[in-house]
Amino acid sequence: VLSEQELIIGLKERNEEAFRQLVEGHGSRVYNTVLNILQDPGEAEDAAQEVFIKVYESIGGFRQDAALGTWLYQIAVRKAIDKLRRRKTRQRLQAILPRWMPGSAKAENTVFDHPGIQLDNKEKAARLFKAINGLPEKQRIAFTLIKVQGLSYEEAAAAMQQGIKAIESLVGRARQNLQQQLQPLKNR
Amino acid sequence: MQRNVHTPLTDEYLQALGDIRPAELPPFFLTRLQARMARERLPARWRWQPALALGALALALVLNTVALLQQQRQPQKATQQGGAFENFASDFDLYSTSNY
């Protein structure tokens, strides 16, 4: 097993074994990050692949200001944001031209069934994910990274390239928004 | 502090995620990733191919044109040469078959 420094050197030298180790070591975390944000396994796999392609392409410019894992999280968050924005654009277009864009109705109305949630909690978790889906972009990402993914505020701040106070504020606002969104469901 | 916002309902729903396990990486993720990387590297090569094809086509056209021009010139030269010989022969009466 290569150390992080050896891994970086190996990646810079386009070493296939180093790349394999990178994917095996960080693949699950990268995939879960994008999956939790995107709430779509297909899109998440696509995004996770793009993260590793980006790493492969730009490892030469990696200055090691942060750990490799933090850099990966940053790329993963950016990729997830890109996908969310593209999805929104697609949905807007679909609202205008529904006949011309079949098959792109997704996400907003589909229920996300996270494979790692226990059966008795699935319904509640699905409601929560749907409510998270309705949050503004930054709140959604900060809340997901901390409350779903289980990152610390410091790790989330590094991944989102924001200050810790900004993350705290985003999570606080997300909680309040979720409280409002979940209230009607409680009364049903 | 925003960390201590009072949101009991959110907290209640968050408990559903309390024992969440990370999702497993899709099977053959690395294989599919490597295949995609190989596929996406292709376009870089393909980008050169139209240029190469056009270059080869242009070269073939130039060679064909040169060959055609040369073919057209050669009969002219031959006829010019032929004419000169004929003139020379007639001037010196070389076509005469009479025996002395």
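Everything numeric here is computed off the predicted structure, so don't read it as measured data.

Caption draft 1: Examining the packing of helix α4 (residues 68-96) of chain A against helix α6 (residues 137-148) of chain A more closely. Residues and elements named next belong to chain A. Where α4 meets α6, the axes come as close as 12 Å, and the angle between the chain directions of the two elements is 135 degrees. With respect to α6, the axis of α4 lies oblique. α4 and α6 meet at a crossing whose hand is right-handed. Contacts between α4 and α6 involve Val77, Ile81, Leu84, Arg85 and Arg87 from the former and Glu137, Arg140, Ile141 and Leu145 from the latter. Grouping the constituent residues of the contact of α4 with α6 by class yields five nonpolar, no polar and four charged.

Caption draft 2: Examining the pattern of salt bridges more closely. One pass over the full model with this rule turns up 16 salt bridges over all chains. Between Glu40(B) and Arg36(B) there is a salt bridge, and its shortest N-O distance comes to 2.9 Å. Taken as a pair, Glu40(B) and Arg36(B) lie in helix α2 (residues 29-91) at a separation of four residues, close to a single helical turn. For Glu40(B), a relative accessible area of 41% translates into the label partly exposed. The exposure class of Arg36(B) is buried, given its relative accessible area of 10%. By sharing partners, the salt bridges in this structure join Asp46(A), Glu50(A), Lys83(A), Arg36(B) and Glu40(B) into a single network.

What counts, and where the lines are drawn
Residues numbered from 1 in each chain as written. Chains lettered and ligands numbered in written order. Predicted model: local features only at pLDDT ≥ 70, side-chain atom pairs only at ≥ 80, totals over all residues. Heavy atoms only, no water. Axes fitted to C-alpha atoms, helices over the stretch in contact; angles between N-to-C directions. Helix = DSSP H or I, 4+ residues; strand = E, 2+ residues; numbered from the N terminus. Parallel < 35°, antiparallel > 145°, perpendicular 65-115°, else oblique. Left-handed = near helix turned anticlockwise from the far one by under 90°. Contact = heavy atoms within 4.5 Å. Nonpolar A, V, L, I, M, F, W, Y, C, P; charged D, E, K, R; others polar. Salt bridge = Lys/Arg side-chain N within 4 Å of Asp/Glu carboxyl O. Buried < 20%, exposed > 50% of the residue type's maximum accessible area, 1.4 Å probe, protein only.

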